[in-house]
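Reading the structure
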Amino acid sequence: MPSGIRVGAGEGGRGVPAELSRGRGVSGRIGQESRSGGRLAGSSLLSMDISIHTTSLPHEDPDASLAFYRDVLGFEVRSDVGQGRMRWITVGPAGQPGTSILLAPPAADPGITEDERRMITEMMAKGTYGWILLATPDLDATFEKVQAGDTEVVQEPTEQPYGVRDCAFRDPAGNLIRIQQLR
Amino acid sequence: MCKPEWGRARVRAQRLAELTRLRRVRDRIDREFARPLDVEALAREVNMSAGQLSRQFRAAYGESPYGYLMKRRIERATVLLGRGGLAVTEVCSAVGCASPGAFTSRFTELVGVPPGAFVAGRVPGPVRNRVPGPVRNREAPAAARLVA
């Protein structure tokens with residue numbers, strides 16, 4: 001199902017607009033470059049080409065999360081590694097290969113203590129841990145489709161005082177999925 | 001014989017299930033605050049008594065479900081009043097408050113001025129970011145208990 005949902009900032013990860021990446025308007029060197037003998041001569045801050053590539057959300061039940069992002073939001077599955085609860089699943093909207101969500105096991109970093117791990121799983125359960133902002137050109141149609149997928153609705157499409165119209169759902173792990181109308 | 005870690009795992013699972021139920025209650029308040037919700041109805045849906053729900057909700061979120069519900073209503077009321085065109089009584093019922101008296105006193109407490117005197121733009125920022133200060137502070141120990 002083509003979902004028409006976009007993730008993150010920018011237009012599908014196409015990167016920096018051409019007029020910016022040409023480095024217009026910046027000709028001088030910054031201090032570091034001067035001291036390092038001009039190795040970086042010609043480059044400038046504005047010529048960096050960085051896109052927002054992957055953001056991660058925790059899962060609690062990898063199969064349930066996978067089903068939500070694939071079957072309810074209509075995302076494609078780009079990779080799926082690991083097993084059991086230790087699975088890393090990359091999903092994203094069809095036609096936007098430059099932007100992905102990594103569904104990852106929570107608190108898998110070995111530096112996280114047992115207390116922190118417990119706190120993270122509790123915050124996920126009570127719904128105060130992970131969240132993401134998606135956008136779509138047709139909010140009402142998207143809301144209807146997601147709601148029909150037996151998803152927990154947090155907010156029906158609403159005009160917000162700060163100038164956006166959005167709705168909100170929970171994913172199976174308790175992450176808040178806010179979807180905003182593209183204007 | 002039961003190993004102690006099995007018992008601990010069961011307690012953990014029950015705790016997470018309880019927090020998930022509380023999340024559903026909170027989400028329902030977010031979704032349906034403009035309808036005539038009350039704590040008894042919220043509690044029934046998750047098979048708790050009103051007292052149980054209030055206690056557990058406060059321990060998890062730092063305020064009672066009624067407090068959270070009223071905060072959502074007042075927040076919406078500031079938006080509606082700011083747009084203009086509605087009388088205070090109309091705004092009161094539009095945000096789900098059955099009692100104009102409770103609406104006015106809670107509004108005044110959270111926003112700093114009574115609803116009739118509220119003018120959009122004079123009060124900076126959305127209610128949720130700005131107002132809950134004193135409420136949160138007073139209830140911080142309850143939230144801290146969750147950590148322990």
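Residues numbered from 1 in each chain as written. Chains lettered and ligands numbered in written order. Predicted model: local features only at pLDDT ≥ 70, side-chain atom pairs only at ≥ 80, totals over all residues. Heavy atoms only, no water.

**Focus: the sheet that holds strand β3 (residues 76–83) of chain A**
Residues and elements named next belong to chain A. Test applied: Strands were regarded as paired on the criterion that DSSP finds at least two bridges between them. Each helix is a run of DSSP H or I of at least 4 residues and each strand a run of E of at least 2, with the numbering of both proceeding from the N terminus. As a rule, the C-alpha atoms of each element are fitted with a line to give its axis, helices using only the stretch in contact, and angles between N-to-C directions run from 0 to 180 degrees. Contacts are assigned to residue pairs that have any heavy atoms within 4.5 Å of one another.
In space, the four strands of this open sheet follow the order β2-β5-β4-β3, with mixed pairing throughout. Of all strands in the sheet, those with a lone pairing partner are β2 (54–58) and β3, marking the two edges. Direction aside, the axes of adjacent strands within the sheet are offset by 20° on average. Pairing of β2 with strand β5 (residues 100–104), which is carried by five bridges, proceeds in the parallel orientation. Across the sheet, L57 pairs through a bridge with L103, a residue of β5. Along the sheet face, helix α3 (residues 62–72) touches β2, β3, β4 (86–92) and β5 and points at about 5° away from the line of β4.

**Things to note about the nonpolar core**
Residues and elements named next belong to chain A. The condition is simple: Throughout this description, the term nonpolar core refers to a set of buried Ala, Val, Leu, Ile, Met, Phe, Trp, Tyr and Cys residues connected via side-chain atoms within 4.5 Å. Summary of the burial criterion: residues with accessible area below 20% of their type's maximum are buried, those above 50% are exposed, and those between are partly exposed, where the area comes from a 1.4 Å probe applied to protein chains only.
Formed by 22 residues in total, the largest nonpolar core has its most connected members in Y69 and I177. Every element with two or more residues in this core is listed here: α3, β4, β5, β6 (131–136), α5 (139–148), β8 (165–170) and β9 (176–181). Residue contributions to this core peak at four residues, all from α3.

**Some details on the interface of chain A and chain B**
Note the following rule: Throughout, buried area stands for the accessible area (probe radius 1.4 Å) lost by two parts on being put together, summed over both. In what follows, salt bridge is the name for a side-chain nitrogen of Lys or Arg lying within 4 Å of a carboxyl oxygen of Asp or Glu. Think of a polar contact as two N or O atoms within 3.5 Å of one another; within protein, one of them needs to be a possible hydrogen donor and the other a possible acceptor, and neighboring residues in sequence only count if both atoms come from side chains.
Listed by partner, the interface residues are 19 residues for chain A and 19 residues for chain B. Buried surface at the junction of chain A and chain B, summed over both partners, amounts to about 1700 Å²; 49% is from carbon and sulfur atoms. Contact with chain B buries area across many residues of chain A, yet E122, A125 and K126 of chain A alone supply 34% of it, more than any other trio. Two residues, E152 of chain A and R24 of chain B, come together in a salt bridge whose shortest N-O distance is 3.0 Å. For the interface between chain A and chain B, the tally reads eleven residue pairs in polar contact (both at pLDDT 80 or more).

**Some words on the packing of helix α1 (residues 4–32) of chain B against helix α3 (residues 50–61) of chain B**
All names here are of chain B. Put simply, the rule reads: Angle categories: roughly parallel below 35 degrees, roughly antiparallel above 145, roughly perpendicular from 65 to 115, and oblique for all the rest. Each residue receives one of three labels: charged for Asp, Glu, Lys and Arg, nonpolar for Ala, Val, Leu, Ile, Met, Phe, Trp, Tyr, Cys and Pro, and polar for the others, Gly being one of them.
Put simply, α1 and α3 touch, their axes get as near as 10 Å, and they point 90° apart. Considered as vectors, α1 and α3 are oriented roughly perpendicular to each other. In this structure, α1 contributes E18, L19, L22, R23, V25, R26 and I29 to the contact, and α3 contributes L53, Q56, F57, A60 and Y61. Grouping the constituent residues of the contact of α1 with α3 by class yields eight nonpolar, one polar and three charged.

**Overview of the pattern of salt bridges**
For the coordinates displayed, the defined rule picks out 25 salt bridges over all chains. Taking the shortest distance from any N to any O, the salt bridge between D63 of chain A and R87 of chain A comes out at 2.8 Å. Here R87 of chain A lies in strand β4 and D63 of chain A lies in helix α3, a separation of 24 residues in the sequence. Judged by relative accessible area, D63 of chain A falls into the partly exposed class, the value being 48%. Residue R12 of chain B pairs with E122 of chain A through a salt bridge whose shortest N-O separation is 3.1 Å. Taken together, the residues span two chains, with R12 of chain B in helix α1 and E122 of chain A in helix α4 (residues 114–126). Owing to a relative accessible area of 23%, R12 of chain B belongs among the partly exposed residues under this scheme. One salt-bridge network, in which partners are shared between bridges, spans E156 of chain A together with R28, R31, E32, R35 and E45 of chain B.

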